[in-house]
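# Observations on the three-dimensional arrangement
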Amino acid sequence: MLIRRASDIASSEITPQGVYVSRRDFIAGAAAVGGSLLAAAAVPAFAGTKLNTVKGPFGTDEKLTPLKDITNYNNFYEYGTDKYSPAAKAGALRTRPWTVKVEGHCKKPKTYDVDEIMRMATLEERVYRLRCVEGWSMVIPWTGFPLKVLIDRAEPTSKAKYVEFTTLLDPGQMPNQRSGVLEWPYVEGLRMDEALHPLAILCFGLYGEVLPNQNGAPIRIIAPWKYGFKSIKSLVKIRFVETQPQTAWMKAAPNEYGFYSNVNPTVDHPRWSQAKERRIGEFFKRSTLMFNGYAEQVQGLYSGMDLRKNF
Ligand SMILES: Nc1nc2c(c(=O)[nH]1)N[C@H]1C(S)=C(S)[C@@H](COP(=O)(O)O)O[C@H]1N2
Ligand SMILES: [Mo]
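The structure displayed is predicted, hence computed values, not measured ones.

What follows is about the pairing of strand β11 (residues 235-241). Counting buried residues in β11 gives five out of seven residues, a clear majority hidden from the surface. Pairing of strand β2 (residues 99-104) with β11, which is carried by four bridges, proceeds in the parallel orientation. Of the residues in β11, the one forming a bridge with V102 is I238. Note: strand β6 (residues 162-167) against β11, six bridges, orientation antiparallel. In the strand pairing of β11, E164 is matched with R239.

This is the structure we're talking about:
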């Protein structure tokens, strides 16, 4: 088993937790937040700030997708429905201060500052495949740690059967929320056991640096065995609920997007096949793997379920 939990990692492997801020970023940060230099040093607010990470589990030998593709070919409907608007427009998002509300069926609801969350566990680099429902894929070195770390802090009760995630709602900073393309704010969800799975991470960075805004700064979810749209960006709320959440995509097109959204080459999207994918940067399509190649890790979550009905 390749899984290493933060608690299994020897303290000698762990450089002081949190972030390394270069002098340039330190000064830029101080100027931009208008706060003291000390406050700026503790605040890794800006894309490009280096993060202290250790190598995490679930690696892959596949070629990494170049940074320029990961940051210039995005889905972030809050900034438009084409792939290039997020890079052009998401600069408007203010990622500090930023809070994440943890609420619902749990013993310890709390509103966290995102920097407090970042310091809860060692930041790991995890190279995961991302498979978009539209048929393209990338291989991305994300920085984060298991979502389970934060869930455990909240002490969910037995009524917590699902976790609902919500993106920021602020048309001033997310101009395409003025359109009706989706019902805003963007909402996603996982079943509790999915959310606790060691593959599911809270993500703060990629390629060893703080997330660019267009990739969902300052905090997002990555669930690599599901289509990319489950990996919700710019998260402001985590809510423990008893019934299955209605996600933004289910509301928009319930016949096309189900709650589970597991990558599944044998279940087509009603308008196109899911059997193949185009790895960004490659010419020939490759076969899509069950659960995006993470079957060994996650298939047990779905034993006995009809994945054609629960798509
Ligand atoms: N809030 C929000 N999260 C979102 C989306 C979105 O439009 N809004 N798009 C999703 C889709 S469809 C994909 S494929 C991934 C893309 O992530 P990336 O741009 O970092 O590659 O983000 C997902 N998370
Ligand atoms: Mo997607």
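Let us now look at the layout of surface pockets. Taken as a whole, the largest pocket holds about 500 Å³ of empty space. Around the largest pocket, the lining is made up of 31 residues, and of these N75, F76, C132, G228 and F229 lie nearest the centre. Looking at the lining of the largest pocket, the elements that each hand over two or more residues are β5 (136-146) and α8 (248-252). In terms of residue count, β5 provides more of the lining of the largest pocket than any other element does, four residues in total. Here the residues of the lining of the largest pocket are counted per class, giving 19 nonpolar, six polar and six charged.

We now examine the nonpolar core. Core analysis: the largest hydrophobic core is formed by 51 residues, its most contacted members being I117, F165, L202, F204, I219 and F240. When residues no more than four places from it in sequence are discounted, the contact partners of F165 are L147, Y186, V187, E188, G189, L190, I221, I232, L235, K237 and I238. Formed by 32 residues, the second largest nonpolar core is a distinct cluster that contains W136, L199, M250 and L307.

This paragraph deals with the site of ligand 1. Neighbouring ligand 1 are 16 residues, the closest being N74, Y77, E78, R220 and K233. Here an oxygen atom of ligand 1 sits 2.8 Å away from a polar atom, N or O, in the side chain of N74. Interatomic distance of 2.9 Å between a side-chain N/O atom of T167 and a nitrogen atom of ligand 1. When each cavity is represented as a set of grid points, ligand 1 is found to reside in the largest pocket. Class assignment for the residues of the shell around ligand 1 results in seven nonpolar, six polar and three charged.

On to the sheet that holds β2, then. Spatial ordering of the open sheet is given by β3-β2-β11-β6-β7, a layout of five strands whose pairing is mixed. Looking at which strands have only one partner, the edges of the open sheet turn out to be β3 (110-113) and β7 (187-191). In this sheet, neighbouring strand axes are inclined to one another by 20 degrees on average, regardless of whether the strands run parallel or antiparallel. Running at roughly 60 degrees to β11, helix α6 (residues 147-154) makes contact with β2, β3, β6, β7 and β11 of the sheet.

The next thing to look at is unusual backbone geometry. In the segment running from R96 into P97, the intervening peptide bond is cis, with an omega of -15 degrees. Along the chain, P97 turns up in the loop between α4 (85-89) and β2. In this chain, A217 is followed by P218 through a cis amide linkage whose omega measures 0 degrees. Turning to its location among the elements, P218 is positioned in the loop between β9 (209-210) and β10 (220-222). Here E155, not a glycine, exhibits a phi torsion of approximately 50 degrees, which is positive. We note that N292 has phi near 60 degrees; this positive angle belongs to a residue other than glycine. By the element assignment, N292 lies in the loop between β13 (286-287) and α9 (295-298). Overall, the relative accessible area of 2% leaves N292 in the buried class.

Thresholds applied
- Residues numbered from 1 in each chain as written.
- Chains lettered and ligands numbered in written order.
- Predicted model: local features only at pLDDT ≥ 70, side-chain atom pairs only at ≥ 80, totals over all residues.
- Heavy atoms only, no water.
- Buried < 20%, exposed > 50% of the residue type's maximum accessible area, 1.4 Å probe, protein only.
- Helix = DSSP H or I, 4+ residues; strand = E, 2+ residues; numbered from the N terminus.
- Pairing = 2+ DSSP bridges.
- 1 Å grid on protein atoms, 1.4 Å probe; cavity = no way out; pocket = protein on both sides within 12 Å on 5 of 7 lines; lining within 4 Å.
- Points joined across faces, edges and corners; volume = space filled by probe spheres on them.
- Nonpolar A, V, L, I, M, F, W, Y, C, P; charged D, E, K, R; others polar.
- Core = buried A, V, L, I, M, F, W, Y, C linked by side-chain atoms within 4.5 Å.
- Contact = heavy atoms within 4.5 Å.
- Near = heavy atom within 4 Å.
- Polar contact = N/O pair within 3.5 Å; in protein donor to acceptor, adjacent residues only side chain to side chain.
- Sits in = over half its atoms within 2 Å of the grid points.
- Axes fitted to C-alpha atoms, helices over the stretch in contact; angles between N-to-C directions.

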